[in-house]
Amino acid sequence: MTSGPTEVERNPTIDKILNRSSTKKFADTPVSREQLELVLTAAVRAPDHGLLAPWRFTVLEGERRTLLGNAMAAALREKSPDSDREALDREASKAMRSPTLLVVSAVAQSHPKVPEIEQWVAVGAAIQNLWIAAESLGLGVAWKTGSHAYSSLVKHALGLSSDERIIGFIHLGAPMSKGPVRPADVTSRTRWL
Ligand SMILES: Cc1cc2nc3c(=O)[nH]c(=O)nc-3n(C[C@H](O)[C@H](O)[C@H](O)COP(=O)(O)O)c2cc1C
């Protein structure tokens, strides 16, 4: 028998991961409850040191999205009081970009063995699980943060606690246009010792 590198067969999972990209434009078609529950279940299957389940999900659909949109406009007004109506409306409309919005937040606790950073990255892993699961169901995804992710006004409007951190505003819905699959540069970021 000869030894040496074996052929790695491509399969749907690896193809989904290698072809992931952000969705730029979403159709209005609602995401079904079943699809949402499945992607959320995929999210919480992420690795989780200490099994602390640091992730929290706030689901906004339909008119409820204006809760976030209005808060984002108010946060803009607070930051830039000179913003005109058009700028405020544009800010509010960002929450309406997709039929479903998941605000993914994290609550880190003080733990003797699990530093906070490990709890934040577990939530990042959960979002990535959610993303791949959503794309495998034919949904598009976009991950946004911007200054609103760090605004207490926005957190308050969403009913998040003061010790909760927003990790991402995750847009979900049927994709109408997606960004390009960017080149995967492993070489310049990898040392083989
Ligand atoms: C923590 C985090 C925050 C992000 N915040 C934003 C954002 O505020 N606005 C935005 O357009 N994209 C945001 N993105 C998405 C990246 O810009 C996007 O993934 C990147 O441009 C590469 O494109 P791709 O996802 O199509 O490969 C964020 C991604 C991460 C991981």
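These remarks concern the structure in this document. (Residues numbered from 1 in each chain as written. Predicted model: local features only at pLDDT ≥ 70, side-chain atom pairs only at ≥ 80, totals over all residues. Heavy atoms only, no water.)

1. A word on the sheet that holds strand β2 (residues 55-61)
To keep it simple, the criterion reads: We treat two strands as partners when DSSP finds at least two bridges between them. Counting from the N terminus, the helices are DSSP H or I runs at least four residues long and the strands are E runs at least two residues long. Note on definitions: angles span 0 to 180 degrees between N-to-C directions of axes, and those axes are lines fitted to C-alpha atoms, for helices only across the stretch in contact. By definition, residues are in contact when any of their heavy atoms lie within 4.5 Å.
As summarised here, the arrangement of the four strands in space is β2-β3-β5-β4, forming an open sheet in which the pairing is antiparallel. Strand pairing shows two members of the sheet lacking a second neighbour, β2 and β4 (140-144), which therefore form its edges. Each adjacent strand pair in this sheet contributes to an overall mean axis angle of 25°, direction not counted. Note that strand β3 (residues 100-107) and strand β5 (residues 164-173) share eight bridges and pair antiparallel. Within β5, the position partnered with Ala106 by the bridge is Arg165. Across the sheet, helix α2 (residues 33-43) lies against β2, β3 and β5, angled at about 160° from β2, the strand it touches most. Here helix α5 (residues 116-136) sits on the sheet and contacts β2, β3, β4 and β5; the angle it forms with β5, its principal contact strand, is near 5°.

2. A look at the nonpolar core
The following threshold applies: In this description, a nonpolar core means a group of buried Ala, Val, Leu, Ile, Met, Phe, Trp, Tyr and Cys residues linked to one another through side-chain atoms lying within 4.5 Å. Three exposure classes are used, based on accessible area relative to the maximum for each residue type with a 1.4 Å probe and protein chains only: buried under 20%, partly exposed in between, and exposed over 50%.
Formed by 25 residues in total, the largest nonpolar core has its most connected members in Val39, Leu102, Leu130, Ile170 and Leu172. Going through the elements one at a time, α2, β3, α5 and β5 are the ones with two or more residues in this core. At nine residues, the largest contribution of residues to this core is made by α5. For Leu130, the contacting residues outside a window of four places in its chain are Val39, Ala43, Phe57, Leu102, Ile170 and Leu172. In this structure, Ala71, Leu101, Ala149 and Leu158 belong to the second largest nonpolar core, which totals 14 residues.

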